[in-house]
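Read off the chains here:
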Amino acid sequence: MTHLRVGILGSGAMAQTHLRAWRALDVPWLALHDRNLETATDLAHTYGAKVYDNAAELIRDCDVVDICLPTFLHLEAVMQVALAGKHIICEKPIALSTKEGMAMIQSCETAGVRLYIAMVLRFFPMYRRAAELALAGKLGTLQVLRLKRVGFPPHGGTSWFADDALSGGIVVDMMLHDIDYALWVAGDVVRVFARLTRTTTQQYAQAILTHSSGAITHIECGWAYQNGLFRTALDLVGDAGLLEWSSDAPPSSLRLPNTVEMIGAVPLPAISAASDPYTMQLQHAAHCLETGSPFEVTTQDAVRALNVALAVRSSALSGRAVMV
Ligand SMILES: NC(=O)c1ccc[n+]([C@@H]2O[C@H](COP(=O)([O-])OP(=O)(O)OC[C@H]3O[C@@H](n4cnc5c(N)ncnc54)[C@H](O)[C@@H]3O)[C@@H](O)[C@H]2O)c1
């Protein structure tokens, strides 16, 4: 339960996901605004929220603004909300460029408001538990991470997502999740190499990140399948064990080397109503805003992931390895 009054900007896919999560958290006051008043009204009706036809009035009336707008609008929206002195939750990626991201962070600091970037993968229970095990040294020294995220083109591949100037393209928009995860689990990245192929509606990319520790991460990412199909997977390999999970083949397992007797299964948790990652994430952000405690994912983390994503995209465009 949070006592914050939450105002959402947007009424698309993520606005709906956040609305559902805020409802699960029993917020006392929930409202939204979108340029499309009809979809905003429908969504508000479904989730028992208020509708505002004016963004400035919504911002005035709430404690925290949850920005679920297309990425190319994040900068402008964050600036407007910061100027109004309200705390901000903003969907990932923070922005389309490092410069924009830093300007957003700076304007929030100047205005004395807090900015949380919604890097939700860290709240997926299986990814979270796998990271905890790896960071606690249960796999020994990490050597290789293999991460997969292949789904279908958002909105059929014809919306703003398909325009790199508006979304950053698949690497900045979607591979960013796994890039952030790799940075979290295996530390700084010094070099990237990537390939990307696309049609008018589909995009598919693979990247190899070299961490300063010497570990490597391989990421496969696509807007390539038919509607509705979405596959994710992770393998974390250290010199003392291999942890693997796939959305195709749960349950996961932790395998230790040495002897057959040493082989054990450590199931990673699945998503349940009680561990919905979007709800967990917003609960965390709301708790931090109410108590003044630090966010688990910082704005610096968001910019760091964006920097690596931009290097990956640049490698894919040039066909050459890029130093980060
Ligand atoms: N964390 C995740 O899992 C995840 C998943 C998908 C998208 N996202 C991010 O969330 C943000 C929103 O994505 P979405 O999937 O909700 O997008 P969407 O296209 O489904 O919704 C966008 C909303 O913004 C509104 N809007 C206002 N001005 C607009 C304009 N000029 N052009 C287009 N739309 C405009 C639209 O009316 C719509 O309500 C993006 O930054 C995206 O990268 C995050």
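Just so we're clear, the structure is a prediction, and the values are computed from it rather than from any experiment.

For the pair helix α8 (residues 169–186) and helix α10 (residues 299–318), interaxial distance at closest approach is 8 Å and the crossing angle is 120°. In terms of orientation, α8 lies oblique with respect to α10. For the crossing formed where α8 meets α10, the hand is right-handed. Of the residues in α10, those in contact with Val171, Val172, Met175, Leu176, Ile179, Asp180 and Leu183 of α8 are Asp301, Arg304, Ala305, Leu306, Val308, Ala309, Leu310, Val312 and Arg313. In the contact of α8 with α10, the residues fall into 12 nonpolar, no polar and four charged.

Keep in mind that most residues, glycine aside, have a negative phi and that most peptide bonds are trans. Between Lys92 and the following residue, Pro93, the backbone shows a cis peptide bond with an omega angle of -15°. Mapped onto the fold, Pro93 is located in the loop between β5 (87–91) and α5 (98–111). Of note in the backbone geometry, Asp26 takes a positive phi value of approximately 60° without being a glycine. Structurally, the position occupied by Asp26 is in the loop between α1 (13–24) and β2 (29–33). Positive phi values are uncommon outside glycine, yet His155 reaches one of about 50°. Relative to the helices and strands, His155 resides in the loop between β7 (142–151) and α7 (164–167).

Right, let's talk about the pattern of salt bridges for a bit. Summed over all chains, the structure comprises 12 salt bridges. A salt bridge links Asp248 to Arg231, with the nearest nitrogen and oxygen atoms 2.9 Å apart. Within this pair, whereas Asp248 is found in the loop between β12 (241–246) and β13 (253–255), its partner Arg231 is found in strand β11 (residues 231–238), the two being separated by 17 residues in sequence. Here the salt bridges share partners, and the residues they tie into one network are Arg122, Asp180 and Asp301.

All right, on to the pairing of β12 then. By the bridge criterion, six bridges tie β11 to β12 in an arrangement that is antiparallel. Within the sheet, the bridge partner assigned to Val237 lies in β12 and is Leu242. Where β11 hands over to β12, the hairpin turn is made up of two residues, counted between the paired strands.

In this structure, the largest pocket encloses a volume near 1400 Å³. Considering the residues around the largest pocket, the lining is formed by 48 residues, among which Ala13, Met14, His155, Trp160 and Phe161 are closest to the centre. Within the residue set of the lining of the largest pocket, elements represented by two or more residues are α1, α4 (74–83), α6 (125–135) and α8. The residue makeup of the lining of the largest pocket, split by class, is 26 nonpolar, 14 polar and eight charged. Two domains each provide a minimum of three residues to the lining of the largest pocket, namely domain 1 (5–118) and domain 2 (122–277 + 305–323). Here the second largest pocket defines a volume of roughly 200 Å³.

Of all residues adjacent to the ligand, which total 24 residues, the nearest are Ser11, Asp34, Trp160, Asp173 and Tyr278. One nitrogen or oxygen atom from the side chain of Trp160 is found 2.8 Å from an oxygen atom belonging to the ligand. Take Asp173: an N or O atom from its side chain is 2.7 Å from an oxygen atom of the ligand. Considered on its own, the ligand offers 840 Å² of accessible surface; in the complex 84% of this is hidden by protein. Counting atoms within 2 Å of the grid points, the majority share of the ligand lands in the largest pocket. Listing elements by their share of the shell around the ligand, those giving two or more residues are α1 and α8. Classifying every residue of the shell around the ligand by side-chain character gives 12 nonpolar, seven polar and five charged.

The rules behind these values
- Residues numbered from 1 in each chain as written.
- Predicted model: local features only at pLDDT ≥ 70, side-chain atom pairs only at ≥ 80, totals over all residues.
- Heavy atoms only, no water.
- Axes fitted to C-alpha atoms, helices over the stretch in contact; angles between N-to-C directions.
- Helix = DSSP H or I, 4+ residues; strand = E, 2+ residues; numbered from the N terminus.
- Parallel < 35°, antiparallel > 145°, perpendicular 65-115°, else oblique.
- Left-handed = near helix turned anticlockwise from the far one by under 90°.
- Contact = heavy atoms within 4.5 Å.
- Nonpolar A, V, L, I, M, F, W, Y, C, P; charged D, E, K, R; others polar.
- Salt bridge = Lys/Arg side-chain N within 4 Å of Asp/Glu carboxyl O.
- Pairing = 2+ DSSP bridges.
- 1 Å grid on protein atoms, 1.4 Å probe; cavity = no way out; pocket = protein on both sides within 12 Å on 5 of 7 lines; lining within 4 Å.
- Points joined across faces, edges and corners; volume = space filled by probe spheres on them.
- Domains from an automatic or database assignment.
- Near = heavy atom within 4 Å.
- Polar contact = N/O pair within 3.5 Å; in protein donor to acceptor, adjacent residues only side chain to side chain.
- Areas by Shrake-Rupley, 256 points an atom, 1.4 Å probe, with all protein chains shown as cover.
- Sits in = over half its atoms within 2 Å of the grid points.

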